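Coordinate inspection notes
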Amino acid sequence: MAATENRMIETDRGRFNVRFAGAATGPVIVMVHGWPESSYCWQGVAEHLPDHYRLIMPDLRGLGDSERTLNNAAYTKQALAADMLGLLDSLGVDSFNLVGHDWGGAVAQEMALAAPGRVRRLVILNIPVITNTRGNAAAQAQLRKAGGRSFWYQLFQAEPNLPEAMIPGNEKAWLGHFLKTWSRQAFPEDAFEEYVRCYAIAHTPATGAAYYRCYKPDMARWAEIAGRRFAMPGLYIYGQHDPVIIEPYTRHLDDVFDDIRLEKLDAAHFVQEERPREVAALIAEFVDRQDE
């Protein structure tokens with residue numbers, strides 16, 4: 001697929017940077033990144049996808065080159081989903097396939113629950129399925145038994161003013177811990193430098209931390225919708241060496257999907273950057289199945 005084009009899009013909900021690639025018309029695939037990355041994380045996948053797709057890859061609020069909003073409530077995953085649906089409205093996109101990694105995977109799930117008639121197929125990478133009560137309980141029990149050490153960074157970011165005081169000027173050390181030690185393969189240096197650049201933008205330590213500072217309202221909502229089913233076919237791509245999103249999260253997916261497929265890859269958390277060719281092949285085969 002040809003190189004991506006960046007455009008800043010103004011919507012009723014804010015200003016978002018978006019990468020576009022592929023055909024002007026054709027099957028739409030919307031790809032939503034996670035923390036602490038940006039839409040740049042899909043570069044390798046986009047290169048291996050066929051040219052007939054129309055790829056839309058936005059930067060979420062507070063990350064990449066999208067607007068920084070200093071209000072934690074703007075970063076609940078339900079609010080971020082409303083951002084993305086509003087963005088697609090502004091682009092005139094009604095029906096689309098949806099891919100999400102990490103927090104972007106939670107946002108994608110909220111989009112699919114909010115607008116099930118618009119999402120044709122849903123692909124999730126290395127994030128819990130937010131309504132999967134049994135799988136999530138099994139994973140959390142295992143993590144508690146291990147002491148929950150891997151979640152220290154979430155507690156750090158929840159502390160008022162601490163990330164804002166300690167991260168500026170130390171972006172390489174901060175991001176390097178996650179991007180380079182949470183990867184089974186060598187993390188792409190161009191991607192690492194891009195995320196360091198974005199994290200050095202003013203207020204990013206606060207807006208990045210906001211993804212975790214709204215954890216309580218997120219969890220309260222997901223407790224309310226526990227067990228809710230996804231109407232569209234699903235594909236879960238799992239990098240099976242993830243230190244945080246552990247294997248029990250992938251259990252019991254049939255509880256919340258009528259049609260779900262699980263694919264495990266020899267990768268860790270940042271599966272789309274470690275295994276872009278394999279991820280692209282899985283997405284393409286899954287999306288193309290709807291036209292058979």
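For the structure, check the block above.
Residues numbered from 1 in each chain as written. Predicted model: local features only at pLDDT ≥ 70, side-chain atom pairs only at ≥ 80, totals over all residues. Heavy atoms only, no water.

Structural notes on the overall build of the protein
Of the regular secondary structure elements, the protein holds 12 helices and eight strands. Relative to the globule expectation of 19 Å for 292 residues, the C-alpha radius of gyration of the protein, 18 Å, shows essentially globular dimensions. The burial tally for the protein puts 59% of its 292 residues in the buried class. At a minimum sequence separation of 6, the contacts of the protein that also span at least 24 residues come to 76%. Looking at the protein as shown, the accessible area adds up to about 11700 Å², and 50% of this sits on carbon and sulfur atoms. Distance between charge centres in the protein, computed from 30 positive and 38 negative side chains, equals 4 Å. (Helix = DSSP H or I, 4+ residues; strand = E, 2+ residues; numbered from the N terminus. Rg over C-alpha atoms; globule rule 2.2 N^0.38 Å. Buried < 20%, exposed > 50% of the residue type's maximum accessible area, 1.4 Å probe, protein only. Contact = heavy atoms within 4.5 Å. Areas by Shrake-Rupley, 256 points an atom, 1.4 Å probe, with all protein chains shown as cover. Lys, Arg positive; Asp, Glu negative; His and termini not counted. Charge placed at Lys NZ, Arg CZ, Asp CG, Glu CD.)

Topic: the pairing of strand E2 (residues 14-22)
Burial runs high along E2: seven of the nine residues are buried. Sheet topology places strand E1 (residues 5-11) next to E2; seven bridges connect them, and they run antiparallel. Paired with glutamate 10 across the two strands is arginine 15, which belongs to E2. Hairpin remark: E1 followed by E2, antiparallel, with two residues in the connecting loop. Here E2 pairs with strand E4 (residues 54-58) via five bridges, running antiparallel. Note that in E4 the partner of valine 18 across the bridge is proline 58. (Pairing = 2+ DSSP bridges.)

Observations regarding the nonpolar core
Ranked by size, the top nonpolar core spans 101 residues in total, and within it Met31, Leu49, Leu55, Phe96, Leu122, Ile237 and Ile283 carry the most contacts. Sequence-distant contacts of leucine 55, that is, excluding residues within four places in its chain, are made with Met1, Arg19, Phe20, Ala21, Ile29, Met31, Ala46 and Leu49. (Core = buried A, V, L, I, M, F, W, Y, C linked by side-chain atoms within 4.5 Å.)

Structural notes on the side chain of arginine 121
By secondary structure assignment, the location of arginine 121 is in strand E6 (residues 119-125). Comment: no salt bridge for buried arginine 121; closest opposite-charge side chain is aspartate 259, at 5.5 Å. Looking at arginine 121, its side chain comes within polar contact range of the main-chain oxygen of phenylalanine 286, at 3.2 Å. Residue contacts for arginine 121: discarding those within four places in its chain leaves Phe96, Asn97, Leu98, Met232, Pro233, Phe286, Val287, Arg289 and Gln290. (Salt bridge = Lys/Arg side-chain N within 4 Å of Asp/Glu carboxyl O. Polar contact = N/O pair within 3.5 Å; in protein donor to acceptor, adjacent residues only side chain to side chain.)

Quick notes on the state of the cysteines
Covalent bonding between the sulfur atoms of two cysteines is what defines a disulfide. As enumerated under the stated definition, the model contains zero disulfides in all. Just so you know, cysteine 41 is unpaired, no disulfide at all, and the nearest cysteine sulfur is the one on cysteine 198, 11 Å from it. (Disulfide = S-S within 2.5 Å.)

Focus: the packing of aromatic side chains
This structure, assessed with the given rule, holds 23 aromatic pairs. Between tyrosine 75 and tyrosine 211 the ring centres are 5.4 Å apart and the planes differ by 50°, which places this aromatic pair in the tilted class. Here tyrosine 211 lies in helix H9 (residues 204-213) and tyrosine 75 lies in the loop between E4 and helix H2 (77-90), a separation of 136 residues in the sequence. On the numbers, 5.2 Å between centres and 65° between planes, the contact of tyrosine 153 with phenylalanine 178 is edge-to-face. With tyrosine 153 in helix H5 (residues 152-158) and phenylalanine 178 in helix H7 (residues 171-181), this residue pair connects regions lying 25 residues apart in the sequence. A relative accessible area of 3% means that tyrosine 153 is categorised as buried. Over the aromatic face of phenylalanine 192 sits the side chain of lysine 180, whose NZ or CZ is 4.1 Å from the ring centroid. (Phe/Tyr/Trp six-rings, centres within 6.5 Å; stacked < 30°, edge-to-face > 60°. Lys NZ or Arg CZ within 6 Å of the ring centre and 35° of its normal.)

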